[in-house]
Structure formats: structure tokens, C-alpha cells
Amino acid sequence: MAKSVTVRAPCSTANLGPGFDVFGMALDAFYDEVTVTKKPKSFGIKIVSSDDIPLDPKKNTAGLVAAAIKKDSGIENGLEIKIKKNVPAGYGMGSSAASAAACAIAMNELFDALYDDENLTYFAGIGERASAGTVHYDNVAASLFGGFVVVDPRVNARGKFVNVTDCEVSQDITMIVAVPKIKVPKQKTKASRGVIPRNVKFSDASINLANAAYIAACFAKGWADIAINHLEDIIVEPARKKMIPGFDKVKKNAMKVGANGCTISGAGPSVIAFTEGDNFTEIGEAMKKGFKSAKVDCEIIICKPSKGPKIIKRK
Ligand code: HSE
């Protein structure tokens, strides 16, 4: 039996416009690496990292996941959790989820916990409490399974299971993520969830539902190029865009040079455009200019869908 397992899990974009807390997609841009090592019982749970992340296991995404799995499976061992953080934190690229997912997979492997996809999604979601204050499963499911995912957004709806389904996404589409260089609040996701409207007009809900249904159906059929024409979100985006300087211009510029769709990546402040063409450099430049108009610099990341996590070491 292994003493130590290392897992690499991808970053992700959540919501994809109308699929708030329901849709996610893994991105082949950044990967977090988590190594979980068995230790004696008296060791407790310790986080080791040279990156700027909480080392208190109760405040660390992976720490919360490991503690929940340890309790649920009756694991006696202590645990050392080594984290190499590569996903930028706080920019809407599923940074906490990448570490949470990697930790859940490593724990499952290390202790033969025999958790299935639905259990793993539940336990990985617990890690989101560290950054978002609440649990949501869209990013963790994308980091766990790769490609495009659909999750049940209700917390504890079925006990320690979360309904989840996933499908591979064609490499024919390209994502352009514009990451603005602005200061983000410490619990940014919590803040950006605070601006979401409490009541929604029925006709708006119906339009978002139509777009969401198109996205899911088209990805399932392998029609990624059509799915990305339906990213319009008329409920959450209008509320959240106020927190992103220059958002309207960034989106307008991306669409003008031929993006199929453009929206906020997760809880923001990154903006993500999707294209089926080879115009990604142009789209990136256009988005950069959009942010410039609000006097904000940004980094452009051009990436493909990720196929998901990998166990990269067993010792
Ligand atoms: N669905 C979550 C939100 C994702 O939009 O708040 C957070 O990255």
C-alpha cells in the first residue's frame, strides 16, 4: 500500500454564463499539485507549502477536505499535505477547487476509501468553505473530472453525495481568459455572491434556462462550437459586472473580433471568452484594450479544455 500520493488537478471556469453553481469546465492552463503522506496518529493534519496560502488546516481548502474524509472513513493516521499552488488565487479560475479536488483524489487513493464520483464531489466541495464561505460544487467537479460538468447546486441535498455528470470537450474550442491586475478582497467569492439578486423575473429565468439547456445539450452531443454561442447570462452577470472595472468594454471588444461568447469566469474578476476559430490572439488583444480603457492591466491566458486530474506519483 502507498504511503504517499501526489495528484495534479486543473484549474477551471465555473458558471459558463447561465449555469450559476451548476456548470463548470476544466481548463488546461494551471494545475495545483497536492501530495498527501501518511503519518503517525499523533502528527495530526499539517499543511506544508512555500506558497502564500493558509497553513492552518481548518482554513485551508485541502485541509478541510482531508479532515472531512478522515472523519468519514475513520482514518486513524496523521496526514501531511504538501501543496504546490500554481492556480492564481482569487481570480475566478477555481484555485481553491483545484487543491480540494487533488486532495480528495489523493486521500481516496491512499486509503482505498472507495468513494465514487458523487462522494468525491461532496467531499471536495467542503473545501470551498475556506474561500467562498459556502459550499459550491461546480469548480471542484470540473477539477475532479475534467471537461464540462453539470452538478446539483443544492448543498447536502442527498447526504454525502452530489449528483454530477461530465463529458469531454472538443479541443476545437479555445478559451481566452483575461485576468485583471486588480486587488481582490480576501474572501472574494463570498463578496461576489453577496451581490446576486434575491428575486428573478420569470421571463429572465426562462431565457437563462434556455441558454443553459442549449449549453448542456450541445456539449453532451459533442457540439462545443454551438454550446459556446449560448453563454449569455442576464441574471448574475449584470449584478456582478459592476465589480469588474471595464467589463462591458472587455466583452464588447471580444465579441467584436469574433468571440462566440464572453462572460465572467466563476465569481470573477477574470473575464473569459470562447472561440471556435483561430482568432484567439486577436480576442486576447481586444480584451486587453477593454481593460486598458478602465486603466487596468491584465494578463491574457489562452487555453484548451483540460482532460482532468492525474495521479502523478505513488510512493
Ligand atoms: N459558482 C460560483 C460562483 C463559482 O459564481 O460564486 C465561484 O468560483
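Worth saying up front: this structure is predicted, and the values here are computed from it rather than measured.

Lay out the overall build of the protein with the relevant residues and their values.
Of regular secondary structure, the protein possesses 11 helices and 11 strands. In terms of C-alpha radius of gyration, the protein reaches 19 Å, essentially the compact-globule figure of 20 Å for 315 residues. With the principal axes as the frame, the protein shows a C-alpha extent of 60 × 35 × 35 Å. The buried share of the protein, taken over its 315 residues, is 54%. In the protein, the proportion of contacts linking residues at least 24 apart, taken out of those at least 6 apart, comes to 74%. Total accessible area computed for the protein in this model is approximately 14,000 Å², and 52% of it derives from carbon and sulfur atoms. Between the centroid of the 43 positive side chains of the protein and the centroid of its 33 negative side chains there is a distance of 7 Å.

Give a detailed account of the nonpolar core, specifying residues and quantitative values.
Residues Val-36, Ile-69, Ile-81, Cys-103 and Met-107 are the most contacted members of the largest nonpolar core, which totals 47 residues. Secondary structure elements with two or more residues in this core: strand E1 (4-14), strand E2 (23-39), helix H1 (61-73), strand E4 (78-84), helix H2 (95-110), helix H3 (117-126), helix H5 (138-145) and strand E5 (148-151). Examining the composition of this core, we find that 10 residues originate from one element, H2, more than from any other. Setting aside chain neighbours within four positions, we find Ile-81 in contact with Val-34, Thr-35, Val-36, Ile-45, Lys-46, Ile-47, Val-48, Ala-62, Gly-63 and Ala-66.

Help me get a handle on the packing of H2 against H5, residues and values and all.
In the contact formed by H2 and H5, the axes pass within 8 Å of each other and the chain directions differ by 50°. Taken as axis vectors, H2 and H5 run oblique relative to one another. Helix-helix and strand crossings are classified by hand; for H2 and H5 the assignment is right-handed. Mapping the contact onto sequence places Ala-97, Ala-98, Ala-100, Ala-101 and Ile-105 in H2 and Asn-139, Val-140, Ser-143 and Leu-144 in H5. Class assignment of the residues belonging to the contact of H2 with H5 gives a composition of 7 nonpolar, 2 polar and no charged.

Reading the values: the criteria
- Residues numbered from 1 in each chain as written.
- Predicted model: local features only at pLDDT ≥ 70, side-chain atom pairs only at ≥ 80, totals over all residues.
- Heavy atoms only, no water.
- Helix = DSSP H or I, 4+ residues; strand = E, 2+ residues; numbered from the N terminus.
- Rg over C-alpha atoms; globule rule 2.2 N^0.38 Å.
- Buried < 20%, exposed > 50% of the residue type's maximum accessible area, 1.4 Å probe, protein only.
- Contact = heavy atoms within 4.5 Å.
- Areas by Shrake-Rupley, 256 points an atom, 1.4 Å probe, with all protein chains shown as cover.
- Lys, Arg positive; Asp, Glu negative; His and termini not counted.
- Charge placed at Lys NZ, Arg CZ, Asp CG, Glu CD.
- Core = buried A, V, L, I, M, F, W, Y, C linked by side-chain atoms within 4.5 Å.
- Axes fitted to C-alpha atoms, helices over the stretch in contact; angles between N-to-C directions.
- Parallel < 35°, antiparallel > 145°, perpendicular 65-115°, else oblique.
- Left-handed = near helix turned anticlockwise from the far one by under 90°.
- Nonpolar A, V, L, I, M, F, W, Y, C, P; charged D, E, K, R; others polar.

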